[in-house]
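# Residue-level structural notes
Listed below, chain by chain, are the residues.
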Amino acid sequence: MSESEAFREQSFDTFDVVIVGAGFAGLYMLYRMRGLGFSARVYEAGSGVGGTWYWNRYPGARCDVNSMEYSYQFCEELQQEWEWTERFPTQPEILRYANHVADRFDLHRDIQFDTRVTAASFDDTAGTWIIDTDDGVQVSAKFCITAMGCLSEPNIPKFEDIDAFGGPTYHTGRWPHEEVDFTGQRVAVIGTGSSGIQAIPVIAEQAEHLYIFQRTPSYTIPARNAPLDPKFVREIKANYADLRKRVRQTVQGMLTQFNPASALEVTPEERQREYESRWTLGGFGFMAAFADLLSDERANDTAAEFVRGKIRETVTDPKVAEALLPRNIIGAKRLCIDTDYHATFNRSNVTLVDVNDSPIERMTRQGIMAKGEEYRVDSIVFATGYDAITGSLLKADIRGRGGVTLRDKWIEGPRAYLGLATAGFPNLFMITGPGSPSVLSNVIVSIEQHVDWISDCLLYMRDHGATRIEPHGEAEDAWISHVNELADASLRSKVGSWYDGANIPGKARIFMPYIGGLPEYAQKCADVAAHGYEGFALT
Ligand code: N01
């Protein structure tokens, strides 16, 4: 019997838990469920584990969070035995790590690959979820847990005549598994967010000519990536628990040197020194230079102007430099981390096409029409981002009590209690859902916190003979008001971005992640559990 036939045989089984997605969230959820004796099945659309790191194979893809912190902490042996090689791990290395975890804990046997969950509906009478997949399998489960990732549903803008282009096109988040060789090619990259900024310097080295279509310039800080110093690794591993504890106490789940001073209290010379030292260090720590960078626009502009100065210094053609200067609030959109991004514009084989004032007109058979000119290229790379946070959840047809669809419930934006569950959809949990810190944090830290909370909750229910859990509408409303209130007080919500749905035409505008930081959030979740799952109806 083939593997898929064997799965089909079992396809009418009922599981305690169905988990959707085998990225870092799905893998750890499966591990915990097994450990607690729940039967669990994972469905994964890809052919392997790793989620984001399975799909994002574009040139230059790597993580912007330090490798020693961007990893699981649930198993001491695992964190001792795994050897990261660089400060910021590459996509292949992270994917190897995900596979190592899956092998080490024998997770593959409960994962069905190449299978997309297309629908899930709650059967109110039986109190179970009926889950449909694209290979025709239907299973039922007491609990449905989504581990679908916040940045997994690619966005390709509806450019006019998009199908007219005769050459290959690629989206950074759906990169082919075979090597893509741009040698001798004229290539277009559309988009200059984190993915574009990582890919552009690498593609520029290969392509005959690279055209970069930029709508909004991004703020980016040098990564200063380097091989990891074995002494540094030894020191961390000697007391990894201490590093993990300190990480959990930070707002974003990553260690940065937070400076409590205001940018406006210090002299211009002191300010410059502070920014300069963080620029030299590289990475996200730049935004921790002063306490008020995301609360006071004048403070923010001192950091923004510092970065603009660096762009002017780096880019030799003043006109190109001018077009590359970001003018909005630094850190409102996700800060980018780069290696030689701006220096790439000094290459003779690179052309910046500024489409800020006049959008890309259309695609042609041979390229892209913009600013009244046809840019003839052999390949097009869409680095155009994602329908973030809700995109993958709403792609599946999820129906709660009374057949109400999640799409209808969230028509004016996502509503969820703690970002974990949503009223009207009993026994459905979302890992890193809207209203949780998710994308504003080191996501593995957030994933582990969510998975542990959900696991404790299921254990509590089993111990107390409860079979159904669902948030009260009032608790959900209160949480959303709180999330919105915090977002409104931050400069992050003053610029449209994928955080608030602005990048997808027609998407409801609401700042989706919880901005209050991991410690506050984790404490709130712990308090809810300690009070018998306050805000939830348990029956
Ligand atoms: O996507 P983005 P991304 N015409 O949405 C442009 C994570 N990530 O894939 O800003 C022309 O940031 C768009 O322009 P504008 C990280 O959290 C992590 O780069 O909308 N251009 C923008 O420049 C990140 O934030 C890592 O004006 C169009 C770009 O496309 C998130 O993923 C690495 C356009 C999209 O940028 C998403 O990053 C990479 C149009 N019609 C990514 N439509 C790590 O290191 C869109 N654009 C872990």
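In short, a report on the structure. (Residues numbered from 1 in each chain as written. Predicted model: local features only at pLDDT ≥ 70, side-chain atom pairs only at ≥ 80, totals over all residues. Heavy atoms only, no water.)

A few words now on the side chain of Thr128. Looking at the secondary structure, you find Thr128 in strand β5 (residues 128-133). Among all residues touching Thr128, those that are not within four sequence positions of it are Ser121, Phe122, Asp123, Ser140 and Ala141. (Helix = DSSP H or I, 4+ residues; strand = E, 2+ residues; numbered from the N terminus. Contact = heavy atoms within 4.5 Å.)

Glancing now at the sheet that holds strand β9 (residues 209-214). In space, the five strands of this open sheet follow the order β7-β16-β8-β9-β12, with parallel pairing throughout. Single-partner strands in this sheet number two, and they are β7 (169-171) and β12 (350-354). For this sheet, the mean inter-axis angle between neighbouring strands, taken without regard to orientation, is 20°. As defined by bridge partners, strand β8 (residues 186-190) adjoins β9 across five bridges and the pair is classed as parallel. Following the sheet pairing, Ile190 is matched in β9 by Phe213. Packed on one face of the sheet, helix α6 (residues 194-206) meets β8, β9, β12 and β16 (379-382) and runs near 155° to β9. (Pairing = 2+ DSSP bridges. Axes fitted to C-alpha atoms, helices over the stretch in contact; angles between N-to-C directions.)

Assignment of secondary structure puts Lys395 in helix α12 (residues 391-395). Since its relative accessible area comes to 45%, Lys395 is described here as partly exposed. Along the primary structure Lys395 and Tyr514 are separated by 119 residues, whereas in three dimensions their C-alpha atoms are 22 Å apart. Excluding anything up to four places from it in sequence, Lys395 contacts Arg116, Glu153 and Arg407. (Buried < 20%, exposed > 50% of the residue type's maximum accessible area, 1.4 Å probe, protein only.)

Before going further, it helps to spend a moment on the pattern of salt bridges. One pass over the full model with this rule turns up 28 salt bridges. The partner of Arg468 in a salt bridge is Asp124, with the nearest N and O atoms 2.7 Å apart. Placement of the pair is Arg468 in the loop between α14 (443-463) and β19 (469-471) and Asp124 in the loop between β4 (117-123) and β5, with a sequence separation of 344 residues. Taking relative accessible area as the criterion, Arg468 reaches 22% and is therefore assigned partly exposed. Here the salt bridges share partners, and the residues they tie into one network are Arg34, Asp106, Arg109 and Asp110. (Salt bridge = Lys/Arg side-chain N within 4 Å of Asp/Glu carboxyl O.)

Let us look at the packing of aromatic side chains. Each aromatic ring pair is summarised here by two numbers: the centre-to-centre distance and the angle between the ring planes. In total, this model carries 41 aromatic pairs according to the counting rule given. Where Tyr170 meets Phe182, the ring centres are 5.9 Å apart and the plane angle is 85°; that geometry is what we call edge-to-face. Residue Tyr170 is located in strand β7, and its partner Phe182 is located in the loop between β7 and β8; the two are separated by twelve residues in the primary sequence. Judged by relative accessible area, Phe182 falls into the buried class, the value being 0%. When the ring of Tyr499 is compared with that of Phe511, the centres are 5.7 Å apart and the planes differ by 55°; the resulting orientation is tilted. Remark: Phe511 occurs in the loop between α15 (473-488) and α16 (518-530) and Tyr499 occurs in the loop between α15 and α16; sequence separation between them is twelve residues. Among the aromatic side chains, those forming a connected cluster through ring pairs are Phe24, Tyr28, Tyr31, Trp53, Tyr70, Tyr72, Phe74, Trp82, Trp84, Tyr97 and Phe105. The ring centre of Tyr54 lies 4.9 Å from the NZ or CZ of Arg57, which sits over that ring. (Phe/Tyr/Trp six-rings, centres within 6.5 Å; stacked < 30°, edge-to-face > 60°. Lys NZ or Arg CZ within 6 Å of the ring centre and 35° of its normal.)

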